[in-house]
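Each chain, written out:
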Amino acid sequence: KSDLYAFYRSSSSELQEVLIVDGFNRRGSYEELTHDFVKSYIDPLAKIEALNISSCSNSGILTNDLELSNYKIVFWFLGDESTANETFNKIEQSKIIAYLESGGKLFVSGSEIGWDLSEKGDAADKIFYNNYLKANFLVDGALGLAPATGVANSGFSGVKLDFGVVYPEDFPDEIGTTGGSESILTYNNGSIAGIKYRGKFANSNT
């Protein structure tokens, strides 16, 4: 058995190429051998007519089978991937840095990214987390922080995420904004659960 991947092709004449990257390799709180979480992204995205959607595991990025630069938007999910499996290794970081500096649009989800890169990572990991994911790690979090809700006027207003249903989410990172990012989601204790950033990265002109 293996994890499930899928694709969607639109009939629209004005298309944007979208890639979903599955970086969730850890067996921790989620104990099953396989998952079909890509489907959770494809189903709602397929309702947007002008998208061609592809998906792959993060190994497809590492082996250069797919190039991030070929996609207008990249969704990269990590589940509760953490220090044991690494959220973003150095090769993945370099590819994401190049993608963002060239104007790519990246959406990342994962509960242990700050813990892995900022709290336990080396200097390069911290730079990537702060300067490219535009987040500041604060606390390792705990059970009972669900749901996460959208911040008014953030583009996520009205969103409610009841995480921890498919598997227990015991350490969701509590994070802060940095380098021009803004809060988009908060936990039920008021701390920040998600951020957004729009602008240039490093010395990029894009």
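Residues numbered from 1 in each chain as written. Predicted model: local features only at pLDDT ≥ 70, side-chain atom pairs only at ≥ 80, totals over all residues. Heavy atoms only, no water.

Colleague: Any chance you could break down the packing of aromatic side chains for me, citing the residues and the numbers?
Modeller: This structure, assessed with the given rule, holds 15 aromatic pairs. Consider the rings of Tyr41 and Phe77, whose centres lie 5.2 Å apart with planes at 15°: the pair is stacked. Pair noted here: Tyr41 is in helix α1 (residues 38–45) and Phe77 is in strand β3 (residues 73–77), with a separation of 36 residues, a long-range link. Each member of the pair Tyr41 and Phe77 is classed as buried. (Phe/Tyr/Trp six-rings, centres within 6.5 Å; stacked < 30°, edge-to-face > 60°. Helix = DSSP H or I, 4+ residues; strand = E, 2+ residues; numbered from the N terminus. Buried < 20%, exposed > 50% of the residue type's maximum accessible area, 1.4 Å probe, protein only.)

Colleague: Can you tell me about the pairing of β3, naming the residues and giving the values?
Modeller: In terms of burial, β3 is largely enclosed, as 5 of its 5 residues are buried. Taking every second residue as pointing to the same face, both faces of β3 are buried, with Ile73, Phe75 and Phe77 on one and Val74 and Trp76 on the other. Pairing between strand β1 (residues 16–22) and β3: 5 bridges, direction parallel. Bridge pairing in β3 links Asp22 to Phe77. With respect to chirality, the unit in which β3 leads through helix α3 (residues 90–101) into the neighbouring parallel strand β4 (residues 105–109) is right-handed. (Pairing = 2+ DSSP bridges. Right-handed = clockwise from strand over helix to strand, strands pointing away.)

Colleague: Which residues make up the nonpolar core, and what are the values?
Modeller: Leu19, Ile61, Leu68, Val74, Trp76, Phe88 and Tyr129 are the most contacted members of the largest nonpolar core, which totals 26 residues. Every element with two or more residues in this core is listed here: β1, β3, α3, α4 (113–119), α5 (123–131), β5 (135–139) and β10 (192–196). Tallying contributions element by element places α3 first for this core, with 3 residues. Setting aside its immediate chain neighbours within four residues, Tyr129 contacts Ile113, Gly114, Leu117, Ser118, Lys134, Ala135, Asn136, Phe137 and Ile175. Counting 15 residues, the second largest nonpolar core, distinct from the first, contains Ile20, Val38, Tyr41 and Leu51. (Core = buried A, V, L, I, M, F, W, Y, C linked by side-chain atoms within 4.5 Å. Contact = heavy atoms within 4.5 Å.)

Colleague: Give a detailed account of α3, specifying residues and quantitative values.
Modeller: An α-helical turn contains 3.6 residues, so any two residues separated by three or four positions project in the same direction. For α3, which comprises 12 residues, the first-to-last C-alpha distance of 16 Å matches the rise-based estimate of 16 Å (1.5 Å per residue) to within 8%. When α3 is considered as a whole, its buried residues turn out to be Glu92, Gln93, Lys95, Ile96, Tyr99 and Leu100. Here the buried residues of α3 occupy an arc of 165° about the axis, which is enough to place them on one side. Looking at the buried side of α3, the elements it contacts are α2 (58–62), β3, β4, α4 and α5. For α3, the side-chain oxygen to backbone nitrogen distance between the N-cap and Ile91 is 3.1 Å, and the N-cap itself is Asn89. At the exit of α3 stands Gly103, carrying a positive phi of roughly 95°. (Expected span 1.5 Å × (residues − 1). Arc of directions from axis to C-beta. Polar contact = N/O pair within 3.5 Å; in protein donor to acceptor, adjacent residues only side chain to side chain.)

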